[in-house]
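# Secondary and tertiary structure notes
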Amino acid sequence: MKKEKSTFGWIFTFAGQKRSGYIASVILAVIGAAFQILPFFVMARVIGKLLAGNKDLAGYLIDCAVMAAFWLLRVLFHSLSTAQSHKATFAVLGNIRKQGLAKLAKMPLGDVQSRGSGELKNILVERVDSIEPTLAHVIPEMSSNAVVVLATFIYLLVLDWRMALVSLITFPIGMVFFMLMMAGYNKNYARTVAATNTLNDTAVEYIGGIEVIKVFGKAKSSYEKFVAAAKECAQSYIDWMNKSNFFFTFAMNIMPATLLSVLPIGGLLLKNGTLMPEKFVLIVILSMGLITPIIGCMKFIDDLAKVGTVIGQVTDILTASELSRPETDTQMPRDSTIELHNVHFGYGETEVLHGVNLTFRDGTVNALVGPSGSGKSTIAKLIAAFWDVGSGKITVGGADIRSISSEHYNKLIAYVSQDNFLFDNTVRENIRMGKPAATDAEVERAARDCGCYDFIMGLENGFDTVVGSGGGHLSGGEKQRISIARAMLKNAPIVIFDEATAYTDPENEAIIQESVARLVRGKTLIVIAHRLSTIVDADQIVVVNDGHIEAAGTQAELLQTCPLYETLWNAHIASRDSAEGGADRA
Ligand code: ADP
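Computed from a predicted model, the values in this text were never measured in an experiment.

### Points about the overall build of the chain
Tallying secondary structure elements over the chain gives 23 helices and ten strands in all. Compactness check: the chain gives a C-alpha radius of gyration of 35 Å against a globular reference of 25 Å for 586 residues, more than 25% above the reference. For the chain, the C-alpha atoms occupy an extent of roughly 115 × 50 × 50 Å along the three principal directions. Counting every position in the chain, which comprises 586 residues, the buried fraction comes to 44%. Within the chain, contacts between residues separated by at least 24 positions form 77% of all contacts whose residues are at least 6 apart in sequence. Put simply, the chain shows about 29,500 Å² of open surface, and 61% of that area lies on carbon and sulfur atoms.

Structure, rendered in C-alpha cells:
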C-alpha cells in the first residue's frame, strides 16, 4: 500500500468487495438525475405551446402530471441510490476498522503504546464514524449533481451556445471566493484537532486525578485549566468560522446566481433580435435549474476535506512500520539463554542504549538495577520485542529473535509489569488469557500457586467476580497477583518481571516474592528491580547506568567491585531502615 494514494483511492480499497454497492449507487443516482432533467423538456414543450397560443387545459394538466411523476421517480431513485451507498459505506468503515486492528497486531507493541490507546480508539472509532454521512452521500449526490449540471449545460449549448457560456460566468467568480475560504484549511483544522485533544486530555486528567487534586487543594487551578481548554476549543472553531464565513457566504451566493449574467445579457440579445423569446424563457428556467446541483456539489467540498483528513490519520496507522518477523521460524532457539550483542537503541533521535552486551543464561535469575532512566525497562522491552533494536542483535538460544515468528516468540516470553491490564471480565477469564485452552481446574491451580486463591474466593463471586475495566475493583497488589497467575498459566520459559514500585506493603511484597519464585522455577527470569533486597540471591545482577552496562555479577561480587552498586545498595538500606523506623514509631 502506498502512502501517496488519494483519499478516493483508499476508500475504493477499503470498499473491497462492496465496490459494486457504490457502482450501483452511482448508476441509480444517474437515473435519478435523468428524472430531474426530464421535467425541463416537458416545461419547454409547455412554454412552446403557451407562446403558440394553445388553450388545451387538459393537455397542460397531463404535462403537469408527467412532471410530477418524473419528480417522484427522481425521489425514488435518489433514495435507492443513497441506501446502496450507505450499505457500501458501512462496509468501508468496517474494513477500515478491521485493517486498523490487524495492523496494530503487527506494529511494534511499543509504538502502539506510545500512540496511546485513547488516540487510537478516537481515530478508529469516533473519527471513522464521523465520515459516514459524508461518504454515504457524496458519491451518489456528487455524481447525480455533476450529471445534471453537465446535461443541462449541453442542452443549453444546443439551444444557444452564447447563452450557455453566459450562464457559467458566475462560476469562476464564486470559485475564487471558495478557494479563499479553503486557504488556511489545514492550519485551522489542525488547531481545532489540537484544541479538542487538549480538552479531552484535560477532562480525563481532571476526572481521573480528582483524588489527588482534592488532597492537594488543587481543585480550583485544575478546574481553571479545564475551563481554559474548553474555551480554547470553542474559540478555535469560532475563529475559523469567522475567518471563512465571509468568503463562504459570497461563494455560496455568487456561484449559483446564474441569473445575474443570464438576464441582462439575454435581454440584450433579445433586444438585438438574435435570441428568440421562447428560447430566452427556456434558458432562464434551465439556468435556474443549475442552482441546486451546483450548491449540492459545493457543500461537499468542505466535508470532503474533513474526510481526507480522517483518511490521512487512518492511513498513517495503516502505513506505520511493522515488526519484521517471518511467518515460520527461520532459526530455532536451542534453549532460553538470552544474549544481547552490541545493542544500540533510541526512541526517535536520541540514543538510549549505547552498545549493550549481556548474557542471561538459561534457567537463571537475573536482575537489572540502576538509577531511574538508565535504560532497564528499555532492555527488558527490547527482549520482549516491544521494539526492534537499532543495531546489534538479540538472540534467544542462539537464534536472532527477528528470525522467530511472532506467534512462537509470544509463547516464549511472559511479561509481567506493574500495570498489566485486566479486562472487564471475570477473574477466571483474566487468568485464562495466559492459556486460552486451560480448564477451570488449571486456572484455579495457577491461582493457588500464586497465593491468589484465598483472596479471590473472598471476592463477591469468587472466580466469577467481574473486575472492572483495567481491574478497577482490585487493589494494585491484587491486580499484580492476578497477572502473575496469568503468566504462571502461560508457562513461558522466559519471564520478564517489572517489579512494582507502587505497592510496597510488606505483606503483599512477601506474597508476590513467593509467587514469583514459584512462577520462575527452572525458567530464565529477568527482573527489573526497584527494591534491591528482593534480588540479593539472584544468579546475576546487572548494573545499568546511562545506557551502558556498568557491571554484572552476584551481590557479593558487586559490593566489592562496583561503587555504583554499593551506593544504590546503601541508599536502599537507608530508605528501608527509615521506613521501618517510621513504622516502628507510628
Ligand atoms: P529505567 O527503566 O531504567 O527507569 P527506561 O528504560 O524506562 O529507564 O528509560 C531510559 C530512557 O529512555 C529515559 O531517558 C527515558 O526518558 C527514555 N524513554 C523511555 N521510554 C520512552 C518512550 N516510550 N519514548 C521516549 N523515550 C523513552
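Read on, since the account is not over.
### What about the sheet that holds strand β9 (residues 540-545)?
If you trace the six strands from one edge of the open sheet to the other, you get β6-β7-β8-β3-β9-β10, paired in mixed fashion. With partners counted over all chains shown, the strands left at the sheet margins are β6 (413-416) and β10 (548-553), one partner each. Pairwise comparison of adjacent strand axes, ignoring direction, gives a mean angle of 15° for this sheet. One ladder, built from five bridges, connects strand β7 (residues 494-498) with strand β8 (residues 524-528); its direction is parallel. Opposite Val 495, over in β8, you have Leu 525 as the bridge partner. Most of the contacts of helix α15 (residues 376-383) go to β8, to which it runs at about 145°, and overall it touches β3 (365-369), β6, β7, β8, β9 and β10.

### With respect to the site of the ligand
Taken together, Tyr 347, Val 352, Pro 371, Ser 372, Gly 373, Ser 374, Gly 375, Lys 376, Ser 377 and Thr 378 form the complete shell of residues around the ligand. Within the contact set of the ligand, a nitrogen atom lies 3.5 Å away from a side-chain nitrogen or oxygen of Tyr 347. Ser 377 places a side-chain nitrogen or oxygen 2.6 Å from an oxygen atom of the ligand. When the ligand is considered free in solution it has 560 Å² of accessible area, and contact with the protein chains removes 59% of it. The greatest single-element share of the shell around the ligand, amounting to three residues, is contributed by α15.

### A few points about the pattern of salt bridges
Following the criterion strictly, the structure yields 16 salt bridges and no others. The salt bridge partner of Asp 239 is Arg 191, with a shortest N-O separation of 3.0 Å. One end of the pair, Asp 239, is in helix α11 (residues 219-254); the other, Arg 191, is in helix α9 (residues 185-208), with 48 residues separating them in the sequence. On the basis of relative accessibility, which here comes to 22%, the residue Asp 239 falls in the partly exposed class. For Arg 191, a relative accessible area of 28% translates into the label partly exposed. Asp 440 is paired through a salt bridge with Arg 428; the nearest N and O atoms lie 3.8 Å apart. A residue pair is termed long-range when its members are at least 10 positions apart, and Asp 440 in helix α18 (residues 440-449) and Arg 428 in helix α17 (residues 427-432) qualify at twelve residues. Residue Arg 428 is classed as buried on the basis of its relative accessible area, which comes to 11%.

### Some details on the packing of aromatic side chains
Taken as a whole and judged by the stated rule, the model has 18 aromatic pairs. Each ring, one from Phe 35 and one from Phe 70, has its centre 5.9 Å from the other, and the planes form 35°; the classification is tilted. Here Phe 35 is found in helix α2 (residues 19-51), whereas its partner Phe 70 is found in helix α3 (residues 57-106), with 35 residues between them in sequence. Here the two residues Phe 35 and Phe 70 agree in accessibility, since each one is buried. Taking the centre distance of 6.2 Å and the plane angle of 65° together, the rings of Tyr 189 and Trp 240 count as edge-to-face. Residue Tyr 189 is found in helix α9, and its partner Trp 240 is found in helix α11; the two are separated by 51 residues along the sequence. Under the relative-accessibility criterion, Trp 240 is labelled buried at 7%. In this structure, Lys 49 is placed above the aromatic ring of Tyr 60, and the distance from its NZ or CZ to the ring centre is 5.1 Å. Just above the ring of Tyr 453 sits the side chain of Arg 448; from NZ or CZ to the centre is 4.0 Å.

Cut-offs used in this document
- Residues numbered from 1 in each chain as written.
- Predicted model: local features only at pLDDT ≥ 70, side-chain atom pairs only at ≥ 80, totals over all residues.
- Heavy atoms only, no water.
- Helix = DSSP H or I, 4+ residues; strand = E, 2+ residues; numbered from the N terminus.
- Rg over C-alpha atoms; globule rule 2.2 N^0.38 Å.
- Buried < 20%, exposed > 50% of the residue type's maximum accessible area, 1.4 Å probe, protein only.
- Contact = heavy atoms within 4.5 Å.
- Areas by Shrake-Rupley, 256 points an atom, 1.4 Å probe, with all protein chains shown as cover.
- Pairing = 2+ DSSP bridges.
- Axes fitted to C-alpha atoms, helices over the stretch in contact; angles between N-to-C directions.
- Near = heavy atom within 4 Å.
- Polar contact = N/O pair within 3.5 Å; in protein donor to acceptor, adjacent residues only side chain to side chain.
- Salt bridge = Lys/Arg side-chain N within 4 Å of Asp/Glu carboxyl O.
- Phe/Tyr/Trp six-rings, centres within 6.5 Å; stacked < 30°, edge-to-face > 60°.
- Lys NZ or Arg CZ within 6 Å of the ring centre and 35° of its normal.

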